[in-house]
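# Observations on the three-dimensional arrangement
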Amino acid sequence: MSEAQRDIERAEEYEETTPRTSVLGENRFELSTGLIIAARYADKLRRVALVSLGKMVPKDVIIRDVSEFNKNLYDKIVNQMKIDKLDVIKLVVSVRYDKSQNKLIFEDTKIIRYYTEEECKKQYESVIQENEKLKKEISEIKKKLSDLLGSVQ
């Protein structure tokens, strides 16, 4: 069984559940993957698109265009944003179906990365250390200014 066929079957299976889609207007939708690990973004986005758009857009068009879009997302997620495959992300993308071109047009892509508590603490600790260093420098400058003021008077 091909990967596309498997996704079509799973999409049909999920059809009874609420798709993560908002209607933005005629032939315009906002798709959302929900929280996922980055390694699974392509499968999840394809499934959400199949469930959400499958009754309006031919399935072969969905698979073709989402596949092409996922290639572009890979570069952004892995190479530009340096997101690890086990990091938790959420994708939200607006998609428009152009009937005349028989094509999905993806717009306004948001890649939201979520951090673990440890990652937040790690970043916070460096801010605290920098803050303490700056406080110490300010205190030393104040002392020098006070000494200078005392010697002038």
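Per chain, residue numbering runs from 1 following the sequence as it is written. Whole-chain, interface and lining totals are the exception, using all residues; otherwise, since this is a predicted model, local features are given only for residues with pLDDT of at least 70 and side-chain atom pairs are given and counted only at 80 or more. Heavy atoms from the whole structure form the basis of all side-chain values; hydrogens and water molecules are not counted.

Turning our eyes to something else, we now look at helix α3 (residues 59–80). Each helix corresponds to a stretch of at least 4 residues labelled H or I by DSSP, and each strand to a stretch of at least 2 residues labelled E; elements are numbered beginning at the N terminus. Helix span, expected: 1.5 Å multiplied by one less than the number of residues in the helix. The end-to-end C-alpha distance of α3 is 30 Å, a good match for the 32 Å that 22 residues give at a rise of 1.5 Å each. Note on classification: 1.4 Å probe, protein chains only; a residue is buried when its accessible area is under 20% of the maximum for its type, exposed when over 50%, partly exposed between these limits. Those residues of α3 that fall on the buried side of the exposure criterion are Val-61, Ile-62, Ile-63, Asp-65, Val-66, Phe-69, Asn-70, Leu-73 and Ile-77. Looking one or two residues beyond α3, the residue adopting positive phi is Lys-82, at roughly 55°.

So, about the UniProt feature "coiled-coil region" (unreviewed entry) in the protein chain. UniProt positions are given in the numbering used here, feature names are shortened, and annotations may be inferred rather than shown by experiment. Here, UniProt's "coiled-coil region" (unreviewed entry) annotation points to residues 117–151. Between the end C-alpha atoms of residues 117–151 the distance is 51 Å, and the span holds 100% helix and 0% strand.

In summary, the pairing rule links any two rings of Phe, Tyr or Trp, Trp by its six-membered ring, whose centres are within 6.5 Å, and it sorts them by plane angle into stacked for under 30 degrees, edge-to-face for over 60 and tilted for everything else. Applying the stated criterion to the full structure yields one aromatic pair. Ring geometry for Phe-69 against Phe-106: centres 4.2 Å apart, planes inclined by 10°, an arrangement best described as stacked. Placement of Phe-69 in helix α3 and of Phe-106 in strand β5 (residues 103–114) is noted, with a sequence separation of 37 residues between them. The pair Phe-69 / Phe-106 is uniform in exposure class, with both members buried.

Right, let's talk about the pattern of salt bridges for a bit. Throughout this description, the term salt bridge denotes a Lys or Arg side-chain nitrogen within 4 Å of a carboxyl oxygen of Asp or Glu. Under the definition given, this model contains twelve salt bridges. Here Arg-113 and Asp-87 are joined by a salt bridge, their closest N and O atoms 2.9 Å apart. Of the two residues, Arg-113 sits in strand β5 while Asp-87 sits in the loop between α3 and β4 (88–98), which places them 26 residues apart along the sequence. The exposure class assigned to Arg-113 is partly exposed, which follows from its relative accessible area of 24%. For Asp-87, a relative accessible area of 12% gives the class buried. Within the structure, one salt-bridge network assembled from shared partners comprises Arg-28, Arg-96 and Glu-107.

Bringing the packing of helix α2 (residues 41–53) against α3 into the picture now. Put simply, α2 and α3 touch, their axes get as near as 9 Å, and they point 145° apart. As for the relative orientation of α2 and α3, their crossing is right-handed in sense. Contact with α2, carried on its side by Tyr-41, Ala-42, Leu-45, Arg-46, Ala-49, Leu-50 and Leu-53, involves Lys-59, Ile-62, Ile-63, Val-66, Phe-69, Asn-70, Leu-73, Tyr-74 and Ile-77 of α3 and no other residues of that element. Classifying every residue of the contact of α2 with α3 by side-chain character gives 13 nonpolar, one polar and two charged. Axis angles are defined between N-to-C directions and span 0 to 180 degrees, where every axis is a line fitted to C-alpha atoms and, for a helix, only to the segment in contact. In this scheme, a crossing is called left-handed if the near helix is turned counterclockwise away from the far one by less than a right angle; it is called right-handed if the turn is clockwise. Working rule for contacts: check all heavy atoms of both residues, and any pair within 4.5 Å makes them a contact. As a working rule, the residues Ala, Val, Leu, Ile, Met, Phe, Trp, Tyr, Cys and Pro are called nonpolar, Asp, Glu, Lys and Arg charged, and the rest polar, with Gly in that last group.

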